[in-house]
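Geometric and topological summary
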Amino acid sequence: MRRVVITGFGVVSPVGTGQEAFWDSLSRGSSGIATITHFDASTFEVQLAAEVKGMLELPEPVAIVAREDPKVGFAYAACAEALSDAGVTALDHRVLLHVGTSLESFDLKKVICEGKADFEAVARKILKGGGPPLQIPLDTATRLIIEQLGRPGQALTNCSACAAGVQAIGHGFQAIRSGQFETAVAGGFDSMINPLGVGGFQLLGALTTDNQRGARACRPFDSERRGTVLGEGAAIFVLETWERARAEGKEILAEVCGYASTLDAYSLSAPDPEGDGASRTMAAALRDAGLSSLDVAHINAHGTGTQLNDEVEAKAIRRVFADNWEKIPVSATKSMTGHLIAAAGAIEVGACLLPFIRGVLPPNPSLERVGQGCELNHVREPGTSFDGEYVVTNSFGFGGQNVSLVLRRYYG
Amino acid sequence: MKPDKVVVTGIGMVTPLGATAKESSRAWQEGRFAGRKPVAEFTGTALEDVGVAILPDLKAPERLGGRRMLKYMSDAAVLGCLAGREALQDADAKARFVPDRMGLYAGTGLAAASINEVRKMVEESIDEAGEFSCRLLGERGLAASNPLLSFKILANMPPCLISIMEGIKGPNLIFTPWEGQTGAAFLEAWKAVACGEVDCALAGASDSAAHPATFLYLWQAGLLKEGEYPASGSAYLVLEGLETARKDGRPIYAAVEDIRVIPWNRGISDPLSERVGRTFAAAPAILLGLACMDGGEEVSICGVDQQRFEVELRETE
């Protein structure tokens, strides 16, 4: 089987756009969480989010769509940076494009006509040739990337909720390893920081209403965690065969060496309380990589800051790494980036590159007192040095989809 | 590991031609057409005469074991759960395979929540000037809305509900929202069985294209040609290795010789469009299911996402 390496990384995130800015912020433990500015959330119970700051440089066709659906712009910008980073000038038949996202953008204003929420009236107006489209399909970014950057051999839009980004990367890894493709451009993008997105998650009770905590409101594994904070952004990677990357003299950011996906088959919104799905996923990813639990030197946790996820994930980590969990440093970057939903796992793969590139671990700066059942070797402080070889990153999705990816430091 | 030949041993289907795979297949073989009805929301508009395909009585509460889970389900999820359950029962898969070794590979269509689900929320959020107000949404609108709305509009929910209801715990991939993406789901399922990553794969899709909001989008986007009409439907197939099926003495519909998903920019072609309606993400699954039941040898469909899904089937000895 072929070795697969990462040669390109592009990122748009609440803590910085572009890989250097992103890694700078994570190194310092800077948080992107603040009061929502994208819309007036002053009457919402949830008033915090991790928003992308600043404007992106986008080609006009992408910019037009991004004004209505920002995640499309995030996807394009991250993809363009990743391709540039890897020295890929265009997508072609040897390339798999696989990106993950979660929910169609839907503007509630669109169902109002003459002061009423009247779908029939809206429909009549649209059918007479007026009014914007009601929906922006989830493959819109995929379509625009193809239009702007070239047609790949296969283009996939993954909708596996919080698992989507890593699922796309994991599938890209498998496709190269098996010889199906030479290159994969894969990752995730998302934004739910809009009235329906924030409102919907507020109704589910998944978001913290601890607004006074501001930048430190998302508190993975903390005893006072009250829920997650929505984030937005995108992270896209270029994966290639090791042989090709080396032959072309490309800088290799890391090697991808294991992947697994499973289903909880338990509940739409809650993880299996025993952490069965999470445990099986991590164990399967290690098997796929040909590793034992003793080989792993760092874990990036899904770590949402919700009561249920963090305790279950900690339990699963302690079970899989029964002999060494106390020694493995665990990061939880949602404390800084918020939860980017479909982009979360992808952006965290980018965070996992930080210790390989700069030799420091991303911290969990919100963690003050470890919650009951959340005992792990948490990385609390910025600047914790790291020279280990293998890293595992987890993403567990709404609906019970679980994924784990194993990365390896590239030694040249 | 030597790649195993992959066969189809279970089929579930809900289409405008029938509430089950057998009903749909029989109607297809008899050359029947889907019934059509106008959409009330489009009365007096250009879409009144187009109409949408009528689904038969699905008896969803009876077939899915009660109404409790139905409240979480979108139309597409109901269709998917019905088809998924039928396919698994047809193959007796749950009795024969370990949940961890069963994979789920699915396509899903455009999100489509009932307008009534958001109407109250929006109405409570309209200010005195008749405009949408975020402040009012926070003050009153959210309190008036259905807290389960997210479950109905997240695109991965239809397959995830199948996994929960049927206990499938293995590898998975979910793609959206057009035909080529469902084709990719079948390709991945076929590969996963062939290389031994899973012992059995449930692969398929559901789409509620006949939903008024989706219908409106499809019309706006120019995705319905003259004479075409939207239809909702679902099909799921159970794929497994030939040796396992033979060992367990299972009836085999067909062997899947090859599956390809290739870029295609020479137009959309959906062999079901005239008689079943356009079911978009669900169309490759329905087409493949019908071909397996009808002794077909080739399946081909070109989707909105400019990808062509091709399957070669063969009867097993």
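Predicted model only: the values in this text are computed from it and were never measured.

Here we look at the overall build of chain A
What chain A contains, in helices and strands, is 12 helices and 16 strands. The principal-axis extent of the C-alpha atoms belonging to chain A is close to 65 × 50 × 40 Å. By residue count, 65% of the 412 residues in chain A fall in the buried class. At a minimum sequence separation of 6, the contacts of chain A that also span at least 24 residues come to 80%.

A short note on the interface of chain B and chain A
Taken residue by residue, the interface counts 62 residues in chain B and 58 residues in chain A. Residues of the side of chain B that touches chain A, tallied by class, amount to 39 nonpolar, 15 polar and 8 charged.

Comments concerning helix H1 (residues 21–29) of chain B
Residue and element names in this part refer to chain B. By the burial criterion, the buried members of H1 are Ala 21, Ser 24, Ser 25, Ala 27 and Trp 28. The arc enclosing the buried residues of H1, seen along the axis, measures out at 165°, which places them on a common side. Once H1 finishes, Gly 31 follows within two positions and takes phi at roughly 80°, a positive value.

A few points about the domain arrangement of chain B
Residue and element names in this part refer to chain B. Along its sequence, chain B is carved into domain 1 (6–111 + 155–314) and domain 2 (113–153). Relative placement of domain 1 and domain 2: their C-alpha centres are 32 Å apart. At the interface, 7 residues of domain 1 touch 6 residues of domain 2.

A look at the packing of helix H3 (residues 70–86) of chain A against helix H5 (residues 140–149) of chain A
Describing two packed helices takes the angle between their axes plus the distance from one axis to the other. Residue and element names in this part refer to chain A. The interhelical angle for the contact between H3 and H5, taken along N-to-C directions, is 40°, at an axis separation of 9 Å. Taken together, the axis directions place H3 and H5 in an arrangement best described as oblique. Along this stretch, H3 crosses H5, giving a crossing that reads as right-handed. Across from Lys 71, Val 72, Ala 75, Tyr 76, Cys 79 and Leu 83 in H3, the residues of H5 making contact are Thr 140, Ala 141, Leu 144, Ile 145, Gln 148 and Leu 149. Class assignment of the residues belonging to the contact of H3 with H5 gives a composition of 9 nonpolar, 2 polar and 1 charged.

A look at the nonpolar core
If you look at the biggest cluster of nonpolar residues, it comprises 266 residues, and the most contacted ones within it are Ala75(A), Tyr76(A), Ala78(A), Cys79(A), Val185(A), Leu237(B) and Leu239(B). Among the elements that line this core, the one with the most residues is H3(A), at 11 residues. Look past the residues within four positions of Tyr76(A) in its chain and what remains in contact with it is Leu58(A), Val62(A), Ala141(A), Leu144(A), Ile145(A) and Gln148(A).

Details of the environment of Glu139(B)
All names here are of chain B. Within the secondary structure, Glu 139 is located in helix H6 (residues 134–141). Of the residues examined, Glu 139 has 15 C-beta atoms within 10 Å and is grouped as partly exposed. Sequence separation of Glu 139 and Glu 124 is 15 residues, and the distance between their C-alpha atoms is 8.8 Å.

Section: unusual backbone geometry
Cis rather than trans, the peptide bond between Thr176(B) and Pro177(B) has omega equal to -5°. With respect to the helices and strands, the residue Pro177(B) is situated in the loop between strand S5 (172–175) and helix H9 (179–194). Positioned with a positive phi, Ala265(A) is a non-glycine residue whose angle comes to about 55°. Among the secondary structure elements, Ala265(A) is positioned in the loop between strand S11 (254–263) and helix H9 (276–289). For Ala265(A), a count of 23 C-beta atoms within 10 Å puts it in the buried group. In the Ramachandran plot, Lys59(B) falls in the positive-phi region, its phi being about 50° despite a non-glycine side chain. With respect to the helices and strands, Lys59(B) occurs in the loop between strand S3 (52–53) and helix H2 (60–64). The exposed category is assigned to Lys59(B), around which 11 C-beta atoms lie within 10 Å.

With respect to the pairing of strand S4 (residues 102–108) of chain B
Residue and element names in this part refer to chain B. The buried fraction of S4 is high, at 7 of 7 residues. Here S4 runs beside strand S6 (residues 200–208); their pairing, made up of 7 bridges, is parallel. The residue bridging Tyr 105 from the neighbouring strand is Ala 203, located in S6. Both S4 and S5 contribute to a ladder of 4 bridges, which runs parallel. What sits directly across from Leu 104, in S5, is Asn 172.

Quick notes on helix H6 (residues 164–177) of chain A
Over its 14 residues, H6(A) runs 20 Å from end to end, which matches the ideal 20 Å to within 8%, given 1.5 Å per residue. Downstream of H6(A) by one or two residues, Gly179(A) has phi in the positive range, about 90°.

Considerations on the environment of Ile286(B)
Here Ile286(B) lies in helix H12 (residues 283–294). Excluding its chain neighbours within four sequence positions, the residues that come into contact with Ile286(B) are Met13(B), Thr15(B), Gly233(B), Ala235(B), Leu272(B), Val276(B) and Thr279(B).

Some details on the environment of Glu243(B)
Residues and elements named next belong to chain B. Mapped onto the fold, Glu 243 is located in helix H11 (residues 242–247). Of the residues examined, Glu 243 has 11 C-beta atoms within 10 Å and is grouped as exposed. Spatially, the C-alpha atom of Glu 243 lies 37 Å from that of Asp 57, the residues being 186 residues apart in sequence.

Thresholds, definitions, all that
- Residues numbered from 1 in each chain as written.
- Chains lettered and ligands numbered in written order.
- Predicted model: local features only at pLDDT ≥ 70, side-chain atom pairs only at ≥ 80, totals over all residues.
- Helix = DSSP H or I, 4+ residues; strand = E, 2+ residues; numbered from the N terminus.
- Buried ≥ 20, exposed ≤ 12 C-beta atoms within 10 Å, placed from the backbone.
- Contact = placed C-beta atoms within 7 Å.
- Nonpolar A, V, L, I, M, F, W, Y, C, P; charged D, E, K, R; others polar.
- Arc of directions from axis to C-beta.
- Domains from an automatic or database assignment.
- Axes fitted to C-alpha atoms, helices over the stretch in contact; angles between N-to-C directions.
- Parallel < 35°, antiparallel > 145°, perpendicular 65-115°, else oblique.
- Left-handed = near helix turned anticlockwise from the far one by under 90°.
- Core = buried A, V, L, I, M, F, W, Y, C linked by C-beta atoms within 7 Å.
- Pairing = 2+ DSSP bridges.
- Expected span 1.5 Å × (residues − 1).

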